[in-house]
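Summary of the model geometry
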Amino acid sequence: MNKNSSNTMALAPNTSNKRETVCIFGTGDFGRALGHKMIQSGYPVVYGSRSTQISNLIPKDAEVLGHAEAAQKAAIIIIAVQRQHYNFLTPLAEVLHGKVLVDISNNVKLNQYPDSNAEHLAQLLPGSKVVKAFNTVSAWALQSGTLDASRQVFVCGDDVEAKQMVMNIVRALGLTPLDKGSLLAAQEIENYPLQLFPMWKFPIFLSLGLTAFFLLYCVVLDIVYTYIYENNNFSFFIAITIPNRVCPVMALILLALVYLPGIFAAIIQLYRGTKYRRFPDWLDKWMLCRKQLGLIALAFASLHVLFTLVTPLRAFASWRTSKGIISQALNNKTEPLNHTNAWLSDSYLALGILGFFLFVLLGITSLPSVSNNVNWREFRFVQSKLGYLALILCTAHTLVYGGKWFLSPTAYKWYLPNIYILSLIVPCAVLVVKFVLIFPCIDKPLTQIRQGWERNPKYSE
Amino acid sequence: MNKNSSNTMALAPNTSNKRETVCIFGTGDFGRALGHKMIQSGYPVVYGSRSTQISNLIPKDAEVLGHAEAAQKAAIIIIAVQRQHYNFLTPLAEVLHGKVLVDISNNVKLNQYPDSNAEHLAQLLPGSKVVKAFNTVSAWALQSGTLDASRQVFVCGDDVEAKQMVMNIVRALGLTPLDKGSLLAAQEIENYPLQLFPMWKFPIFLSLGLTAFFLLYCVVLDIVYTYIYENNNFSFFIAITIPNRVCPVMALILLALVYLPGIFAAIIQLYRGTKYRRFPDWLDKWMLCRKQLGLIALAFASLHVLFTLVTPLRAFASWRTSKGIISQALNNKTEPLNHTNAWLSDSYLALGILGFFLFVLLGITSLPSVSNNVNWREFRFVQSKLGYLALILCTAHTLVYGGKWFLSPTAYKWYLPNIYILSLIVPCAVLVVKFVLIFPCIDKPLTQIRQGWERNPKYSE
Amino acid sequence: MNKNSSNTMALAPNTSNKRETVCIFGTGDFGRALGHKMIQSGYPVVYGSRSTQISNLIPKDAEVLGHAEAAQKAAIIIIAVQRQHYNFLTPLAEVLHGKVLVDISNNVKLNQYPDSNAEHLAQLLPGSKVVKAFNTVSAWALQSGTLDASRQVFVCGDDVEAKQMVMNIVRALGLTPLDKGSLLAAQEIENYPLQLFPMWKFPIFLSLGLTAFFLLYCVVLDIVYTYIYENNNFSFFIAITIPNRVCPVMALILLALVYLPGIFAAIIQLYRGTKYRRFPDWLDKWMLCRKQLGLIALAFASLHVLFTLVTPLRAFASWRTSKGIISQALNNKTEPLNHTNAWLSDSYLALGILGFFLFVLLGITSLPSVSNNVNWREFRFVQSKLGYLALILCTAHTLVYGGKWFLSPTAYKWYLPNIYILSLIVPCAVLVVKFVLIFPCIDKPLTQIRQGWERNPKYSE
């Protein structure tokens, strides 16, 4: 015990600025980049290599030795080789006994192996203390010193002291260690740098597809139709007018799609009479990407706001205004204020503003730092109550805007409904079903089911 | 000692994917939801229950045993029963000795008991290692897998190893553990999920009250008065015109209310000649909700900006423009550019834009992730210097906007001042007093007092 | 060992609400403020002081004793004296042996001493457990209870248990402890509160200088020139028109300056044929402040958007519109829609909107909480791909806006180019060189170099 404790003391950084020697196995790109950085931070670095001759690529101040000699010089050994070569470490088991081995390896694809590289290493060398770290940092970033992305280094390992030592090195290099727990977390940490917005893929493809469809729909109805039947060339509509028709439609539909899976879930639970059975897979996946759908909807809504606000600056708008005013002036008359129009125009603008305002609020609460400071009850209040209010306001905004054209025959060019009629289908359906679901006679059993009650206990999984 | 250490080894997750058995006492909703989730994550789960017959609600793969037998099978026991039933655990003290007990209980209201449930449990079973965790997670969220709110699980406990074991389970369930320290933190953690924006209550009620008052005031002056005396029906003003009059007023007043308590504090300290006495309670509370007041002010300011920017899109605005232009055209004359008007309109717009810009900047720095990256000196610079600059700009914006109407008699309908005159009272008072406070003859003693100097040491508390 | 472990038990907070006595050495402002706060939080406080007579400034409920007697009463001693007086502690070494010493000192300037105060203290008293904490909290904030800035208290120390005890106190005072690792971090923690946006200095001075230059340039060309040659007094342009000319120019130039150092780096690496040599210092510094440059560019872009959107509300704009319409009306004719103009105006608005939208997206991803949730690959995708797309869109926006005036002789007042021509130089240069760099024949060797390949290995450092 005493020996153990004194060992620990020796490893702990108890002298103010003298750094412990660090050994690096492997002279590949990342091994060299890390070595450079460590030497800059004041660590003596020794490389362990099969041949000690490829030394001109290696940082000047580093020593290069054979694996065994290098390992003996340091308490921490960074394993900068690929998993498929880990076997060469087995003969060194005795030298590496009790040492801290830092696994920095990355795979080429997600879940490439059944177990993580770090766990594999720990199994090969049960006497060593394996710590997973540094794999989320890019060699290029280490080298160039421009770590403007995340400075976080995920660290995990079963030995608390070993982890502490690695975390001290991480801090000394100017990075921020983040303890992710035991070595069980290694799989997750190894998968992390391989992801490219995994939760965003489906929402983005969905919105791209829908956007393309609606763009085409608008081009056909607003440009092609006008060109053929009215012989007007409004091709410049493609820059602002049509995007500003597609964006609000996309925003409204995507916002409704955020709340649709909740509706489905409620119906399924009511039908099954229990909450203790899993939802179908598609519903689970849909529910998991609601935040992303909502944020994309917010992006479309923001674009809609910008496109709308620049309207008075457009040459087309000022030409149309002039034309209207001049025709009045030439007829020597002033039209009186149309009060219905004034009401309609002000109402849909006000509804839109309030809806957008709540939408932005929802977006802000979904920032990680804000949602982490909010408890479950507060989050549900914001996302559910305010979210539905935003959906109601935005749907009302669209209804009031398009209301007068609903039944007008000129709105149906080529017998196709206007685009905003299409946009209203999903949100109206969601709002109607939700309205039914909050009736006490339906809400009460649903609440009971969600608190654990079961209608037919035999159904339970 | 050896035995102890080997025990620890046995508990630590040293085998790559085999999970430790977890025991759950209690088969209520949360107990079942947690059990489901753990089984999904690969943990063998055994339930401890009085009767072993209500088994059809319990997850299929879980075992159900009596309390004592169940406890013997696991190192970690999750106590999913309510505090008032904790006494049934006392006879099991011997079985539970050395085990990790996870208290997941929640109360119905804030500070329901003098001590926290977890501390109560620790007192009942002094031989067990009590860890508080999971109480901030909702059973419904665990069940449905839709943990889109905070994934943080607050964990606290006196035994570091026990805490580590619980944190590993938390991570394995896909949640993020957050170590809140020793069991002393349990009270805070138990109160956490019961709160619904506690800091926001007063600011929100205050703004609702003020908004209602100003709305009424505007309706009376702008709609009722116009209807009675000018026989004009401007009822549609209620959609945009009046909100756009109330929002800037609210924004300006609330922004001034953010800086008013600091003024009061300075005056009180100057009067008392010491900083070592507590402020009156109302001032303390006021100071604590300044951030919330400021953010609500920012919300009103943003609405004001949106309401203002849609002006040219309103039917009323384009009617008014047409009327003006047509009357000029019919009179065959073009009015020359009024330079004073051009200066006034451009100045108040520019002042408003700059004020709003600084305001948004203040809002961004109050995001938790930004303010955590800013030290005290930087925070004071932004919130104090930039904040006062924003207040000055916004007040100037209002003054320039309304300047010409100040002394005009038509501005006083029914002898009531226009709303923007009301809005200027608080901000002007704050700015004037602050201006006085930065005179060296007053600033110097204030700075000394804040550095610990006392005028009359006998006054000290 | 047993004794040690029982000691630990005694120190750990195992009784529900009884707090450990805390000793404070020093009765200066911060010592008193901390004492007050601790007494409020239920800690018995004992002050250690040379003379025990200056007691009226000290919190009422605190005891004042000589240093040695005070130290004996507590396990934790807060050293609230300045570094230059630390020597008085040396004779107390025996009393302080095994105690936790909390160093809360701050320096007056960055890196004032070669070693940190905490490390100096640890060297003076090797038998004590030194923990650095509390130095980032302001005494005034502690006193007034208005901790609306960061509640984070950075803690570091070599002894894990000692650190844990201090972190418990931090939590009990309502603050958030943040473990920064071993005592090596003390230097960084001591420098932290002395900084005032160190990374922002260069970008802010650069933008202030450029802004001043462009403002002057515009005033000369737009106001002075017009006044002299056209005898028009457009002095009110200084409120909106000219800022709205300078802001987009600044935004575009600064955005280009964000991507310029990356271009330089690529060229240098291609020329040297290796990445293993450091960049020149100016390039390193430039690369480190790219985020700040980008955020300032975003601020200018936002101002540009606001200034542009208020255009229709300006008295000048509505005067100009009226004049145009009236002159048409008086001539009894309506101008047909100019399709080229409609295309141009809609295109530059649409390009500007999309560019600004991407710009805001980049700004959001640079929020700390967002960029911490994004891995290196995702960050590069957003900052590099989307960033260049934003630069392309904004440059195109400017080109389309000003396109028709490029070759018009009236655009060159006093033979000086219009300001937007100046603004296009840097972004166009960046885009052209970047376009060349992505040609395969250049991209391939560059990629190899960045993966560690060297053309002339002899060059390596």
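Refer to the structure presented above.
Residues numbered from 1 in each chain as written. Chains lettered and ligands numbered in written order. Predicted model: local features only at pLDDT ≥ 70, side-chain atom pairs only at ≥ 80, totals over all residues. Heavy atoms only, no water.

**Focus: the relation of the copies chain A and chain B**
Think of it as a corkscrew move, a rotation about one axis and a shift along it, taking one chain copy to the other. Selection criterion: C-alpha atoms of residues with pLDDT of at least 70 in both copies form the basis for the least-squares superposition of the copies. What makes two residues a contact is simply this: any of their non-hydrogen atoms within 4.5 Å.
With an axial shift of 0.0 Å and an RMSD of 0.1 Å, the rotation relating chain A to chain B amounts to 120°. Such values leave the two copies arranged in the relation of a three-fold axis. Every residue of chain A has its C-alpha some distance from the rotation axis, and the shortest such distance is that of Ser-369 of chain A, at 3.1 Å. Of all interface residues in chain A, a mere 10% are interface residues in chain B too; the two copies therefore contact each other through different surfaces.

**Section: the sheet that holds strand S4 (residues 76–79) of chain A**
Sheet strands line up and pair through hydrogen bonds in the backbone, either parallel or antiparallel. Residue and element names in this part refer to chain A. Put simply, the rule reads: In this description, strands pair whenever DSSP reports at least two bridges between them. In this text, helices come from DSSP runs of H or I with a minimum length of four residues, and strands from runs of E with a minimum of two, each type numbered from the N-terminal end. Working convention: axes come from line fits to C-alpha atoms, limited for helices to the stretch in contact. Angles between N-to-C directions cover 0 to 180 degrees.
The mixed open sheet is built from 8 strands, whose spatial order is S3-S2-S1-S4-S5-S6-S7-S8. Whereas interior strands pair on both sides, the edge strands pair on one side only; in this sheet they are strand S3 (63–65) and strand S8 (176–179). Geometrically, the sheet is characterised by an average inter-axis angle of 30° between neighbouring strands, direction not taken into account. Examined bridge by bridge, strand S5 (residues 100–103) and strand S6 (residues 129–132) share 4 bridges and lie parallel to one another. Note on S6: the bridge partner recorded for Val-100 is Lys-129. Across the face of the sheet, helix H2 (residues 29–40) comes into contact with strand S1 (22–25), strand S2 (45–48) and S4 while running at roughly 160° to S2.

**A short note on the interface of chain B and chain C**
We count it as follows: Reported buried area values correspond to the accessible surface (1.4 Å probe) lost by two parts on association, with both partners' losses combined. We define a salt bridge as a side-chain nitrogen of Lys or Arg found within 4 Å of a carboxyl oxygen belonging to Asp or Glu.
Taken together, the contact pairs 67 residues of chain B with 64 residues of chain C. Regarding the contact of chain B and chain C, the summed buried area is about 5900 Å², with carbon and sulfur atoms giving 67% of it. Broken down residue by residue, the surface that chain B buries against chain C is led by Tyr-276, Ile-353 and Trp-376 of chain B, which jointly contribute 12%. Seen at the junction of chain B and chain C, the total is 1 salt bridge. Residue Asp-346 of chain B is joined to Arg-314 of chain C by a salt bridge in which the shortest nitrogen-to-oxygen separation is 2.7 Å.

**Side note on the pattern of salt bridges**
Residues and elements named next belong to chain C. Where we set the bar: Here the term buried applies to any residue with accessible area under 20% of the maximum for its type, exposed to any over 50%, and partly exposed to those in between, with areas from a 1.4 Å probe on protein chains only.
Evaluation of the coordinates by the stated rule reveals 24 salt bridges over all chains. For Glu-188, the salt bridge goes to Lys-180, with nearest N and O atoms at 3.8 Å. The partner of Arg-245 in a salt bridge is Asp-222, with the nearest N and O atoms 2.5 Å apart. In this pair, Arg-245 sits in helix H10 (residues 243–272) while Asp-222 sits in helix H9 (residues 201–230), placing the two residues 23 residues apart along the sequence. Of the residues examined, Arg-245 reaches a relative accessible area of 29% and is grouped as partly exposed.

**Some words on helix H13 (residues 315–330) of chain C**
For the record, the criterion: Helices are assigned an expected span. That span is 1.5 Å times one less than the residue count.
Its 16 residues place the ends of H13 of chain C 22 Å apart at the C-alpha level, agreeing with the 22 Å of an ideal helix rising 1.5 Å per residue. Against helix H13 (315–330) of chain A together with helix H13 (315–330) of chain B lie the buried residues of H13 of chain C. Asn-332 of chain C lies just past H13 of chain C and shows a positive phi near 60°.

**Thoughts on unusual backbone geometry**
Trans peptide bonds make up the majority, and among non-glycine residues the majority have a negative phi. The phi dihedral of Asn-231 of chain A is positive, around 55°, even though this residue is not glycine. Taking the relative accessible area as the measure of exposure, Asn-231 of chain A reaches 62% and is therefore exposed.

**Considerations on the pairing of strand S1 (residues 22–25) of chain B**
Residues and elements named next belong to chain B. Stated formally: By convention a crossover is right-handed if, when the strands point away from the viewer, the path from the first strand over the helix to the second runs clockwise.
Along S1, one buried face is formed by Val-22 and Ile-24 and the opposite face, lined by Cys-23 and Phe-25, is buried too. Direction of pairing for S1 relative to strand S2 (residues 45–48): parallel, over a ladder of 4 bridges. When the bridges of S2 are listed, Val-22 appears paired with Val-45. In this view, the connection linking S1 to its parallel neighbour S2 by way of helix H2 (residues 29–40) has right-handed handedness. Two elements, S1 and strand S4 (residues 76–79), share 4 bridges in a ladder whose sense is parallel. Within S4, the residue paired with Cys-23 across the bridge is Ile-77.

**Notes on a nonpolar patch on the surface**
Residue and element names in this part refer to chain A. Definition in use: Patch construction takes residues with relative accessible area above 30% that form no salt bridge. Like charges are linked within 9 Å, and nonpolar side chains (Val, Leu, Ile, Met, Phe, Trp, Tyr) are linked within 5 Å. Surface accessibility follows the Shrake-Rupley procedure with a 1.4 Å probe radius. Residue values consider only the protein chains on display as shielding.
A cluster of nonpolar side chains, contributed by Leu-216, Val-220, Val-224, Tyr-227, Ile-228, Tyr-229, Trp-414 and Leu-416, occupies part of the molecular surface with about 750 Å² of accessible area. Assignment of secondary structure puts Tyr-227 in helix H9 (residues 201–229). When its relative accessible area of 48% is taken as the criterion, Tyr-227 is described as partly exposed.

**What to know about the packing of helix H10 (residues 243–272) of chain B against helix H17 (residues 419–437) of chain B**
All names here are of chain B. Here is the rule we go by: Throughout, the term roughly parallel applies to angles under 35 degrees, roughly antiparallel to angles over 145, roughly perpendicular to angles from 65 to 115, and oblique to all others. Handedness of a crossing follows from how the near helix is turned relative to the far one, being left-handed for an anticlockwise turn of less than a right angle and right-handed for a clockwise one. For this classification, the nonpolar set comprises Ala, Val, Leu, Ile, Met, Phe, Trp, Tyr, Cys and Pro, the charged set comprises Asp, Glu, Lys and Arg, and every other residue, Gly included, is treated as polar.
Two elements in contact, H10 and H17, have axes separated by 8 Å at closest approach and are oriented at 30°. The angle between the axes of H10 and H17 places the two elements in the roughly parallel class. Crossing hand, H10 versus H17: left-handed. Two secondary-structure elements touch here, H10 through Arg-245, Val-249, Leu-252, Ile-253, Ala-256, Leu-257, Tyr-259, Leu-260, Ile-263, Ala-266, Ile-267 and Leu-270 and H17 through Ile-419, Tyr-420, Ser-423, Leu-424, Val-426, Pro-427, Val-430, Val-433, Lys-434 and Leu-437. Residue composition of the contact of H10 with H17, by class: 19 nonpolar, 1 polar and 2 charged.

**Remarks on the relation of the copies chain B and chain C**
Take chain B, turn it by 120°, move it 0.0 Å along the axis, and it overlays chain C with an RMSD of 0.1 Å. A share of only 10% of the interface residues of chain B reappears at the interface of chain C, consistent with the copies meeting through non-equivalent patches.

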